[in-house]
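Summary of structural features
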Amino acid sequence: MKLTLADSKLLKDSVSIISDLVTEAKFTFSKDSIDLVAMDPANVAMVIFKLLSSGFTEYKLEKEVKVALNLNNLKQVLRRANATDILTLELEENKFKITIKSGTTRTFYLPIIELDEKEQKIPSLNFPLSIKTNTTILSEAIEDVSIVAESVKFIADTNKFTISAEGDLSKAKIEIPADSNTTITKEGEEVLKAKYSIEYLKKMMHGSKLSSEVYIRFNSDYPLRLEYKATDKLSLSFILAPRVDND
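Below you will find a few notes about this structure. (Residues numbered from 1 in each chain as written. Predicted model: local features only at pLDDT ≥ 70, side-chain atom pairs only at ≥ 80, totals over all residues. Heavy atoms only, no water.)

Once that is clear, we can look at the nonpolar core. Soluble, globular proteins show a tendency: their nonpolar side chains are buried together. Membership of the largest hydrophobic core comes to 73 residues, with the highest contact counts inside it found for Phe154, Leu201 and Phe218. The dominant element in this core, judged by the number of residues it contributes, is helix α1 (residues 9-18), at five residues. (Core = buried A, V, L, I, M, F, W, Y, C linked by side-chain atoms within 4.5 Å. Buried < 20%, exposed > 50% of the residue type's maximum accessible area, 1.4 Å probe, protein only. Helix = DSSP H or I, 4+ residues; strand = E, 2+ residues; numbered from the N terminus.)

See the structure below:
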C-alpha cells in the first residue's frame, strides 16, 4: 500500500474534525476510497467519512486493508504537515507509516491498535426534507443559540428554516429564508420540528473547513444528518440523535 496526497489539508482537516467526536476508529482502505464509520463513545453521534482515490496523486493498493488508529495520535502527526507538503501513507512492519515531504522528509510510525467493537452500520434513514445552505449561515446560527441554551430546535416549512433555543430566562431565534443562499426541498405541508444537542452541533460545524456548503436533513423528533462535500475529493457526514423531551 502506498497512497500519496498532494493536498494534505484534505486528510489533516478531516481527522481534526472527526477526532473531536471519536478517539479511536477503523479506516477501510479500498480501491476507490478511504472510509471511516464510527460512533462517539456516548452513542449519540455517528461520523461517516469518505476520501476518494481521485483526490490522490498516487493510489497503489493490492487489496482492501482495515487499519484501526488512535485519532489523537494521527491528528498530532498530521498537524506537522503544511498545506504545500506531500503526504504519503503506507503500512510497514505492522505500523502505519506517514511521510511528510517538503524541503525535508519526515517519517512517522503509528501503532495499529486492536478495536473490539463490531463493524458500524450506517442506519437507513428517510428524510422528507433537504436544506442546502452556506456553512457560515449555519455555523453563525449555532453560535448564536449556544449563548442561551444547551439544546436547539430545528423547525422547517417550505419557505423557511428556523433555528431557536430557549434557556431559563433567555431566548434566541434565527430565521433562514429560502433564497439564493438557501434551498429548501420538502415533501408535504407539515411543519417539521426536532431538538438537538448544541455541544455536538458545534463540533460538527467544523466541517465548514472542508466545504462552503452544508446539506441538512431531518424529520420531526428524528435523527439529523449533516453532510459536507468536496466534489471528487471527499464527503464528511454526521448523524445526530434527537433530544426527546420527557414532559
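Our focus in this paragraph is the side chain of Thr99. When you line up the elements, Thr99 lands in strand β8 (residues 95-101). Residue class for Thr99 comes out buried when judged on its relative accessible area of 9%. Setting aside anything within four residues of it in sequence, one finds Thr99 in contact with Ile86, Leu87, Thr88, Glu90, Thr105, Arg106 and Thr107. (Contact = heavy atoms within 4.5 Å.)

We now examine the pattern of salt bridges. Under the counting rule described, the total for this entry stands at 13 salt bridges. A salt bridge links Asp85 to Arg106; its shortest N-O distance comes to 3.1 Å. Here Asp85, found in the loop between α2 (71-78) and β7 (86-92), pairs with Arg106, found in strand β9 (residues 105-111); they are 21 residues apart in sequence, far enough to count as distant. Residue classification places Arg106 among the partly exposed positions, given a relative accessible area of 24%. Between Lys202 and Glu143 there is a salt bridge, with its nearest N and O atoms 4.0 Å apart. One end of the pair, Lys202, is in helix α4 (residues 198-204); the other, Glu143, is in helix α3 (residues 135-146), with 59 residues separating them in the sequence. Looking at Glu143, the relative accessible area reads 42%, which means it is partly exposed. In the salt-bridge network here, residues are joined through shared partners; they are Glu90, Glu92 and Lys97. (Salt bridge = Lys/Arg side-chain N within 4 Å of Asp/Glu carboxyl O.)

Shape is all these values report; function is a separate question.
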